[in-house]
2 protein chains.
Amino acid sequence: MTFDYTSIFRDDLPAAAVPFGGAPKYNFIGGNMDPENVPVAGLTDALTAVLAREGKDLAFYNLGTGALGYKPLREFIARTLKRKAAMDITPDNVLITSGSLQCLDLINDLLLNDGDTVIIEEATYGGAMTKLSAMGVNYIGTKLDDGGICMQTLEDNLKRLKDQGVTPKYIYAIPTIQNPTGTVMPIERRQRLLELADEYGVAVFEDDCYADLVWSGERPPAIYALDQQAGGRRVLYCGTFSKSIAPALRIGYIVADWAALGQMVPLKKDGGTGALAQMALAEFFNNQFDDYVAASTKSLKEKHDVMLEALASEFGTTAEVQPAAGGIFLWITLPDNVDTMKLFQAANADGVAINPGPEWTADGKANIHKMRLCFGSASIDDIRTGVAKLADICHREFGVPVRSGNVERN
Amino acid sequence: MTFDYTSIFRDDLPAAAVPFGGAPKYNFIGGNMDPENVPVAGLTDALTAVLAREGKDLAFYNLGTGALGYKPLREFIARTLKRKAAMDITPDNVLITSGSLQCLDLINDLLLNDGDTVIIEEATYGGAMTKLSAMGVNYIGTKLDDGGICMQTLEDNLKRLKDQGVTPKYIYAIPTIQNPTGTVMPIERRQRLLELADEYGVAVFEDDCYADLVWSGERPPAIYALDQQAGGRRVLYCGTFSKSIAPALRIGYIVADWAALGQMVPLKKDGGTGALAQMALAEFFNNQFDDYVAASTKSLKEKHDVMLEALASEFGTTAEVQPAAGGIFLWITLPDNVDTMKLFQAANADGVAINPGPEWTADGKANIHKMRLCFGSASIDDIRTGVAKLADICHREFGVPVRSGNVERN
């Protein structure tokens, strides 16, 4: 045979995947959750009830009810965001997506062309940067502190870009449980962000994927809500159920005006999002969202505290880490001589998975001594053992920490 | 407020969606299936069993088992395609996708650049053409008869393109229950297609989405299988469970070598396909695929026969229609003076939905008097009433048919 399809692959493909080789033993990366917290019985009951009532509708694309998604789930989202984030929306402002990664794709497809510029947080979700790079979009990182984006730096960046003749398309913000720093942006900054969006003619992309997981159970009004109160149309909002229940369900959502949703529906080329998961979530959460999320968040908080303690005990002053206000990760600064890209490789070989700083920051070089550790899926024992193992590996590779668990290392 | 995000939408967006206005009463379009055939109890039992056993794994992206998808489902697909279509594959040759539309996107992304050319069947799945057009890819239609693609015309097209210095990237074929003509390509033509692929350096994209629904229950070896037997790597294969069970589950699959799948995994940007539907299908079908598909196909055959009878009775010789060998649609040729784009609009206003020929053909103008009617989701009564209504509308608009149900029209 003379012809082989590998000879005609596009020549600008991303690197090929490697075959799956199993999960690392100490898995401190990714948005995985705690298997013990999956409400298996509740989901089963929900599915049994909703399928008995509406299972025949599976015969129709989108259950025969249109491209926005399963209406009871959109109703639940609208009601919950109104109650918890002060967003004054109807189910017709909600587009159900195949996970929040599809939210990023749809909002990017709506707004961005090759060569465009956007503003992101200096440390942010790595997947968002990967998608921007693949589209040929430039991103500018903006300084963060313990209240999220620093508004003066944001203004300076916008001004500098304007002087260069560049109008960025959007400001990408994760205001409630920032990824990876775990902070919550106060309301005054949210207001200021909207003022700057007006002044510089920039949209706001509000990614609220972790907002259900605030330890206190209370979150500020969404930037979307504040924009609404001011009569604006500056904010495209996205959320997910991956964190508040389980990522394998692949259900996210975009909240926006129909002016935007109506344009995004034709860009959503997958024939609709899987209906079983939508039905299960709506049925389950309509009864027990608050109770379930409260229990799940309490469990995450315990793990957060265990990881903080383990870091203090194993790394001591070598690791600088600020407690998170919620979520599933900690952002850790190590001494300047620690190269987390190398630490990542050495740890990986020993079954410990970490996110090296450069993968999670706009300026990778400046953040090579930082790392993100996720605590959502590991057990408490594995958090303790894995962090101790990581300290060993770090000491072996970089000479720090010099003390662990009150024991001097040699 | 001065800024509004609608001012920065990309200027090359497709037309916006219109808000969902409800399904038409007589719905003869789309891949919808019969609600009475959805195995609600079976799916519920399957979900109950699989969630009790593996529900905790929902806490992990892809259930913690890698990007190809839920392994028991990949095992089922490999086993079934071996048995029914002679494909000698393992679960690692199967990538589960979020519906077969994602198969089209992934294979297109793997191979096609703006300006490329592909060969399609002269009448084919409208969604495939929409996707190609959106990518700036040219498509050339090839003549069909009751055995699918006419190989002489295919060879002539390939030769003509070669003389023009054009090498098409792939031949897109729906060989088993061709959409919309409902034919099955005989094995000799499948062999000849592969020879031509070699001779002209072209890949084959085999879309087998309806292959489970052959009335006889038997299908020829897949083109993929014949290619394998010849030691080749010319064919990328796709299938779906939308037709063999229910489209709202959104589960399709690509079969290919790892050389192709490993490149497609990074192009699949959705964080994995929904796990609940994958689990439900694997659990349900592992026990009762053959029985379920046989019963469902029997019911579709009854509807097919009812639609044929209704067309004969209401349109008489005005409608030329060949019985289908399986599937959910009929392809109908009306007299030259009937403009199905106009018929589509008039029928739509009266609650009858049809696919006008131009939406389903490479050369729309030449097929303006043809139409596709789907019988998968409508009840037998609605098929009879809807076809009679369509004949009325057609007579009103175009003066044909002149007789319906033995009654002369005036």
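Because the structure is predicted, anything quoted here is derived from the model rather than measured. (Residues numbered from 1 in each chain as written. Chains lettered and ligands numbered in written order. Predicted model: local features only at pLDDT ≥ 70, side-chain atom pairs only at ≥ 80, totals over all residues.)

Below, the discussion takes up the environment of Q178 of chain A. Residue and element names in this part refer to chain A. Take Q178: it is sitting in the loop between β7 (170–173) and α6 (187–200). Residues Q178 and L111, 67 residues apart in the sequence, show an inter-C-alpha distance of 23 Å. Not counting the four nearest positions on each side in its chain, Q178 is found in contact with E121, L144, G148 and T183. (Helix = DSSP H or I, 4+ residues; strand = E, 2+ residues; numbered from the N terminus. Contact = placed C-beta atoms within 7 Å.)

The subject of this paragraph is the interface of chain A and chain B. The interface is formed by 86 residues belonging to chain A together with 87 residues belonging to chain B. Breaking the side of chain A that touches chain B down by element, the ones donating at least two residues are α1 (40–54), α3 (100–111), α6, α8 (258–264) and α9 (275–315) of chain A. A per-element tally of the side of chain A that touches chain B places α1 of chain A first, with seven residues. For the side of chain A that touches chain B, the residue count by class is 47 nonpolar, 26 polar and 13 charged. (Nonpolar A, V, L, I, M, F, W, Y, C, P; charged D, E, K, R; others polar.)

Within a sheet, neighbouring strands are paired by backbone hydrogen bonds and run either parallel or antiparallel to one another. Residues and elements named next belong to chain A. Ordered by their spatial adjacency, four strands build an open sheet running β11-β12-β15-β14, and the pairing between neighbours is antiparallel. At either margin of the open sheet sits one strand with a lone partner, and together these are β11 (320–321) and β14 (355–356). Across five bridges, the pairing between strand β12 (residues 329–333) and strand β15 (residues 370–374) is antiparallel. Looking at β15, one finds that T333 is bridged to K370. (Pairing = 2+ DSSP bridges.)

Here we come to the packing of α3 of chain A against helix α4 (residues 126–134) of chain A. Residues and elements named next belong to chain A. Contact geometry for α3 and α4: axes closest at 11 Å, N-to-C directions at 35°. Seen from above, α3 lies across α4 with right-handed handedness. Here α3 contributes L101, L104, D105 and N108 to the contact with α4, which in turn contributes G127, A128 and K131. Here the residues of the contact of α3 with α4 sort into three nonpolar, two polar and two charged. (Axes fitted to C-alpha atoms, helices over the stretch in contact; angles between N-to-C directions. Left-handed = near helix turned anticlockwise from the far one by under 90°.)

One open sheet accounts for four strands, arranged β11-β12-β15-β14 (chain B); its pairing is antiparallel. Edge positions in the sheet fall to β11 (320–321) and β14 (355–356) of chain B, since each of these pairs with one other strand and no more.

To continue, consider unusual backbone geometry. The general pattern is negative phi for most residues beyond glycine and trans for most peptide bonds. In this structure, P180 of chain A follows N179 of chain A across a cis peptide bond, with omega equal to 20°. Along the chain, P180 of chain A falls in the loop between β7 and α6. A cis amide bond links V400 of chain B with the next residue in sequence, P401 of chain B, at an omega value of -5°. Looking at where P401 of chain B falls in the secondary structure, it is placed in the loop between α11 (380–398) and β16 (403–404). Located in the positive-phi region is L63 of chain A, a residue other than glycine, with phi close to 55°. With respect to the helices, strands and loops of the structure, L63 of chain A is situated in the loop between α1 and α2 (71–85). With phi around 65°, A86 of chain A is a residue other than glycine that occupies positive phi space. Residue position: A86 of chain A is located in the loop between α2 and β2 (94–97). According to the C-beta neighbour criterion, A86 of chain A is partly exposed, with 16 such atoms within 10 Å. (Buried ≥ 20, exposed ≤ 12 C-beta atoms within 10 Å, placed from the backbone.)

Placing chain A over chain B gives an RMSD of 0.0 Å and needs a rotation angle of 180°, together with 0.0 Å of translation along the axis. In symmetry terms, the pair is related by a two-fold rotation axis. With an isologous cut-off of 70% or more, the 100% of interface residues of chain A that recur at the interface of chain B puts this contact in the isologous class. (Least-squares fit on C-alpha atoms with pLDDT ≥ 70 in both.)

All names here are of chain A. The element strand β8 (residues 203–207) is largely enclosed, with a buried count of five among its five residues. Burial of β8 is two-sided: the residues A203, F205 and D207 facing one way and the residues V204 and E206 facing the other way are all buried. As paired strands, β7 and β8 are joined by four bridges and run parallel to one another. Residue Y170 lies in a different strand from β8, and its bridge partner there is A203. Following the chain from β7 across α6 to the adjacent parallel β8, one finds a crossover that is right-handed. Where β8 meets strand β9 (residues 235–240), four bridges bridge the pair, whose relative direction is parallel. Looking across to β9, one finds that D207 is bridged to C238. With respect to chirality, the unit in which β8 leads through helix α7 (residues 223–229) into the neighbouring parallel β9 is right-handed. (Right-handed = clockwise from strand over helix to strand, strands pointing away.)

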